[in-house]
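# Structural characterization, general
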Amino acid sequence: MAELRYREALRDALLQEMRRDERVVLLGEDIGVFGGAFKVTEGLLEEFGEARVRDTPISENTIVGVGVGAAMTGLRPVVELMTINFSLLAFDQIVNHAAHIHYMFGGQVNVPLVVRMPQGAGHQLGPTHSHCLEALFLHVPGLLVAVPATPADAKGLLMSAIRDENPVIFIEHESLYGVRGEVPEGEHLVHFGRARVARAGEDVTIVGISRMALTAERAAETLATEHGVQAEVIDPRTLRPLDLQTILSSVARTNRCVVVEEGWPHGGVGANLATLITEQAFDDLDAPVIRVTGADVPMPYSKPLEDIAYPHEGQVVAAALSALGAQPAGAASGGR
Amino acid sequence: MDALPDADSRREWLETMTLIRRFEERAGEMYARAKIGGFLHLSIGEEATIVGSARALRDSDYLISTYRSHGHALVRGTPPEQVMAELFGRVDGCSHGRGGSMHMFDLEHRFMGGYGIVGGNLPIAAGIALASDMHGLDEVTLCTFGDGASNQGTFGETLNLAALWRLPVLFMVTNNQFGMGTALRRHSAVTDLQRKGESLGVPGVRCDGMDVIETYSVVSDALARVREERRPLLVEAVTYRFRGHSMADPEQYRTREEVERWRERDPLGVFARQLIREGVIDEQEHERLDRDALARVDAAVEFADASPFPAPDSLYDDVYVLDDDARGTYASDPAEKRRGGPPTGEDVAAAAKPGSDGEAPPAANDEIPQQLTDALAAAEDGHEKAGSSF
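Residues numbered from 1 in each chain as written. Chains lettered and ligands numbered in written order. Predicted model: local features only at pLDDT ≥ 70, side-chain atom pairs only at ≥ 80, totals over all residues.

### Considering the overall build of chain A
- Secondary structure summary: chain A contains 12 helices and 14 strands in total.
- The C-alpha radius of gyration of chain A comes to 20 Å, within 12% of the 20 Å expected for a compact globule of 336 residues.
- Each of the three principal axes of chain A carries a C-alpha extent, and together these read 60 × 45 × 40 Å.
- Taking the contacts inside chain A whose residues are at least 6 apart along the sequence as the reference set, 78% of them involve residues at least 24 apart. (Helix = DSSP H or I, 4+ residues; strand = E, 2+ residues; numbered from the N terminus. Rg over C-alpha atoms; globule rule 2.2 N^0.38 Å. Contact = placed C-beta atoms within 7 Å.)

### Remarks on the overall build of chain B
- Within chain B, the regular secondary structure consists of 13 helices and seven strands.
- Residues classed as buried in chain B amount to 49% of the 390 residues present.
- Restricting the contact set of chain B to residue pairs at least 6 apart, pairs at least 24 apart contribute 74%. (Buried ≥ 20, exposed ≤ 12 C-beta atoms within 10 Å, placed from the backbone.)

### A look at the pairing of strand E4 (residues 76-80) of chain A
Residues and elements named next belong to chain A.
- Among the five residues that make up E4, five are buried, leaving the element largely enclosed by the rest of the structure.
- Because side chains alternate across E4, one face comprises the buried residues Arg76, Val78 and Glu80, and the other comprises Pro77 and Val79, equally buried.
- Summarising the sheet, strand E2 (residues 24-28) and E4 pair through five bridges and their orientation is parallel. Its bridge partner lying in E4, Val24 is registered against Arg76.
- Both E4 and strand E5 (residues 114-119) contribute to a ladder of three bridges, which runs parallel. (Pairing = 2+ DSSP bridges.)

### What about the interface of chain A and chain B?
- Facing the 45 residues of chain A at the interface are 40 residues of chain B.
- At the level of elements, helix H3 (60-72), helix H4 (91-98), helix H5 (101-104) and strand E12 (238-240) of chain A are the ones that each hand at least two residues to the side of chain A that touches chain B.
- Sort the elements by how many residues they give to the side of chain A that touches chain B and H3(A) lands first, with nine residues.

### Some words on the pairing of strand E6 (residues 204-208) of chain B
Residues and elements named next belong to chain B.
- Sheet analysis places E6 next to strand E7 (residues 233-238), joined by five bridges and oriented parallel. Across the sheet, residue Gly204 finds its bridge partner in E7, namely Leu234.
- Regarding topology, helix H8 (residues 212-229) serves as the crossover connection from E6 to the parallel E7, and that connection is right-handed. (Right-handed = clockwise from strand over helix to strand, strands pointing away.)

### Points about the environment of Ser220(B)
Residue and element names in this part refer to chain B.
- Tracing the backbone shows Ser220 in helix H8.
- Overall, the presence of 18 C-beta atoms within 10 Å leaves Ser220 in the partly exposed class.
- Measuring from C-alpha to C-alpha, the distance between Ser220 and Gly52 comes to 9.0 Å, with 168 residues separating the pair along the chain.

### Structural notes on the nonpolar core
- Judged by nonpolar contacts, the single largest core of 197 residues is most densely connected at Ile206(A), Val258(A), Ala320(A) and Leu170(B).
- It is helix H1 (residues 7-32) of chain B that contributes the most residues to this core, 10 residues altogether.
- Each residue touching Ala320(A), except ones within four places of it in the same chain, is listed here: Val204(A), Ile206(A), Ala219(A), Leu223(A), Val229(A), Ala231(A) and Val258(A).
- Ala121(A), Ala295(A), Met299(A) and Tyr310(A) belong to the second-largest nonpolar core, a separate cluster that totals five residues. (Core = buried A, V, L, I, M, F, W, Y, C linked by C-beta atoms within 7 Å.)

### Topic: the environment of Thr255(B)
Residues and elements named next belong to chain B.
- Tracing the sequence through the fold places Thr255 in the loop between E7 and helix H9 (256-263).
- A residue is classified by how many C-beta atoms lie within 10 Å of it, and Thr255, with 10 of them, is exposed.
- For the pair formed by Thr255 and His96, sequence separation is 159 residues and the distance between their alpha carbons is 39 Å.

### Here's the deal with the sheet that holds E2(A)
Residue and element names in this part refer to chain A.
- The sheet built from seven strands is open, its strands ordered E3-E2-E4-E5-E7-E6-E12 with mixed pairing. In this open sheet, the two edge strands, each paired with only one partner strand, are strand E3 (53-55) and E12. Pairwise comparison of adjacent strand axes, ignoring direction, gives a mean angle of 20° for this sheet. (Axes fitted to C-alpha atoms, helices over the stretch in contact; angles between N-to-C directions.)

### Observations regarding the packing of H3(A) against helix H5 (residues 121-134) of chain B
- Direction vectors running N to C along H3(A) and H5(B) enclose 50°, while the axes themselves pass 6 Å from each other. Here H3(A) lies oblique to H5(B), going by the angle between them. The way H3(A) lies across H5(B) gives a crossing that is right-handed. Residues Asn61(A), Thr62(A), Gly65(A), Val66(A), Gly67(A), Val68(A), Gly69(A), Ala70(A) and Met72(A) of H3(A) form the contact with H5(B), whose participating residues are Pro123(B), Ile124(B), Ala125(B), Ala126(B), Gly127(B), Ile128(B), Leu130(B) and Ala131(B).
- Taken together, the residues of the contact of H3(A) with H5(B) break down into 11 nonpolar, six polar and no charged. (Parallel < 35°, antiparallel > 145°, perpendicular 65-115°, else oblique. Left-handed = near helix turned anticlockwise from the far one by under 90°. Nonpolar A, V, L, I, M, F, W, Y, C, P; charged D, E, K, R; others polar.)

### Here's the deal with helix H9 (residues 244-254) of chain A
Residue and element names in this part refer to chain A.
- For H9, the set of buried residues is Thr246, Ile247, Ser250, Val251 and Thr254. Down the axis of H9, the buried set is contained in an arc of 130°. They therefore lie on one face.
- In this structure, the buried side of H9 is in contact with strand E9 (196-199), strand E10 (204-208), strand E11 (231-235), strand E13 (257-260) and helix H10 (269-281).
- Positive backbone phi, approximately 65°, marks Asn255, located one or two places after H9. (Arc of directions from axis to C-beta.)

### Description of the sheet that holds E6(B)
All names here are of chain B.
- Strand order in the open sheet made by the five strands is E1-E2-E3-E7-E6, with parallel pairing throughout. Looking at strand neighbours, the two that pair on one side only are strand E1 (62-64) and E6, the edges of this open sheet. Direction aside, the axes of adjacent strands within the sheet are offset by 20° on average.
- Contacting E1, strand E2 (141-146) and strand E3 (169-175), H5 crosses the sheet at an angle of about 175° to E2.
- With respect to the sheet, H8 is in contact with E3, E6 and E7, its orientation differing from that of E7 by roughly 175°.

### Quick word on the confidence of the model for chain B
Residue and element names in this part refer to chain B.
- Across chain B, pLDDT averages 89, with 84% of residues at or above 70.
- Overall, residues 352-387 carries pLDDT values under 50, and its contacts beyond four positions in sequence, including any with other chains, amount to 44 contacts.
- This prediction of the complex comes with two scores: 0.92 for pTM and 0.94 for ipTM. (pLDDT = per-residue confidence, 0-100.)

### As for unusual backbone geometry
- At the junction of Arg240(A) and Pro241(A), the peptide bond is cis and its omega measures out at -10° in the coordinates.
- A positive phi is found at Arg237(A), a non-glycine position, where the angle reads about 70°.
- Relative to the helices and strands, Arg237(A) is located in the loop between E11 and E12.
- Judged by local crowding, Arg237(A) falls into the buried class, with 26 C-beta atoms found within 10 Å.
- Phi at Asp318(B) is positive, roughly 65°, even though this residue is not glycine.
- For Asp318(B), the position within the fold is in the loop between helix H11 (283-306) and helix H12 (345-352).

### Observations concerning the packing of helix H2 (residues 47-54) of chain B against H8(B)
Residues and elements named next belong to chain B.
- In contact at an axis separation of 7 Å, H2 and H8 are set at 40° when each is read in the N-to-C sense. The way H2 lies across H8 gives a crossing that is right-handed. In this structure, H2 contributes Ala48, Thr49, Val51, Gly52 and Ser53 to the contact, and H8 contributes Val212, Thr215, Tyr216 and Val219.
- The residue inventory of the contact of H2 with H8, partitioned by class, reads five nonpolar, four polar and no charged.

### A closer look at the confidence of the model for chain A
- Residues with a pLDDT of 70 or more make up 97% of chain A, whose mean pLDDT is 96.
- Predicted confidence is poor over residues 328-336 of chain A, with pLDDT under 50, and the contacts of this stretch with residues over four places away or in other chains come to 28 contacts.

### Section: the environment of Thr215(B)
Residues and elements named next belong to chain B.
- Position of Thr215 among the secondary structure elements: in helix H8.
- With 20 residues separating them along the chain, Thr215 and Val235 place their C-alpha atoms 9.4 Å apart.
- Apart from residues lying up to four places away in sequence, Thr215 is in contact with Ala48, Thr49, Gly52, Ser53, Cys207, Gly209 and Ala237.

If you want it as structure tokens, here you go:
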């Protein structure tokens, strides 16, 4: 084990996969000479050269499309988009092509492409640089969606993503790049579709998505020390495939569930999870599944507004207590 | 350029152009008989562009195309049976019934697909060329698209990137004069399309896309330069589609006289007469060649009709590539839920009811024989529920 920052863990995954497999090639804006907007690719140009670490023009749709074509013909491209909001420029290539080519052409060709991008609020970047859009990608059959919350998972999921034969949307979080954690050295593969149970508990299940897994862990700590409530915290790690079984098993024991996500509530990850839990484990529930989400607004710039527009520990604590009947429901959403 | 291709080659080009023409005419009929669903974009009139350019490729080169791609599959060697079966939505189709007219694909013949999004194939072409380059192979990718696609963002983005990275792509804009129903002069500020890549570092050249020999010659030269100089080039092939944009196109944007003027230059007739004049074939051989094409198309229809539809339980196949290690829920809507079966006749009738989207069916294409127009209108009424003409 080594203690690494989240960005260093990602870099370690790229480094090891590029050393292991010469088909792995990196494409992205400012990933080479500049070292990456968030320094994930720092130093890789020096080791692997311009052929495999490719600075691209600012042309998101084309960069992703180039990755699709290269993946169809034998490379293992890893495309970096500077933020998730810019991926909207590439939605045509991501949805119409990356996600559909294997199916649309009758399984003749695979698209082993990884598209990495960070999301998330907290840096006062306003409505075009701060959103959490995992639900958009979760919606699309053909895509896999990874949302690592810890440095270890960042490395393990990225190494798995690069080896996967399917297109993977790999969603990092801007606020996590500097966070440190224990990371296994050498080959470290975290399999998709296997949740991380971050904390065991018997009273309420809290599912946290992306950075919100960490917020949920802090909330669980408060619930234990201040309220005597033992929360089980589950980080699904990948949204497609989803380790629904681990969530349902937990809910079968706790009979209560809170889903915490930073994205918008309508059609969000929590909305989807609540439906799946209700459909498949209705009899296990003693209370409705409660969502804690980002506010249903474009992300504002001003600090006091931004602060209340995405979820914090206090809201998760309140939601868990509400699920236990300890407080009235309805105070769960970030903002209002 | 290379010397004029030998007589056998030129005869084969005429055979392939004839096959494409007869195939698509028959596809139009099958559409009218509702054997084919969705949209059907025919390239009738563009056969010289298709065959002249594709025959300039090596077998190891890649071809990538658009939603008007039956001819591209055929010219690369996809059996007509598989192309027709794809149109029929059958398991033996080249995309196993998953793609239809707009999404033909044949990896074995390095036909890297038809793509339904205008301009969507350009970045993919650059990616294929990047892989060729990084593998150290001298393969070239020929990327065809229409005049309408030259206005998409991907045109500028991809030409710039391909020039910057010196990727071996030959971009070929098939200028058939219309982006759907909008004439070139009404959709592009620069109508001299060969020049449209200049500011992006991609020089262009034009060929007469109604002339298969000239198209072959110009594309051959361009491919040789792309291969040797490791840089993209742009070829504009000037051509014309004789049929509507799709089968549901009333063609109100052009006159019958204009179509007739272009028809005088029908690439098939012009090339056949040329070969007869040059003594490459005689009249009898020309007739035999045409009969052979028709027989191949007949066989393709017979094959397609006999091929089964994909089984309902194959619905979820090939969404993902799954290994034995796969865990977790990939589809939250498991196949069992689809067991209610296909929609009933009443469901379909209700969905097709006019009112919400009840435009009249488009006027029949005047090239469809009269006896087929009623069937065509009926088929389009069923196919084009939204009154759309894509």
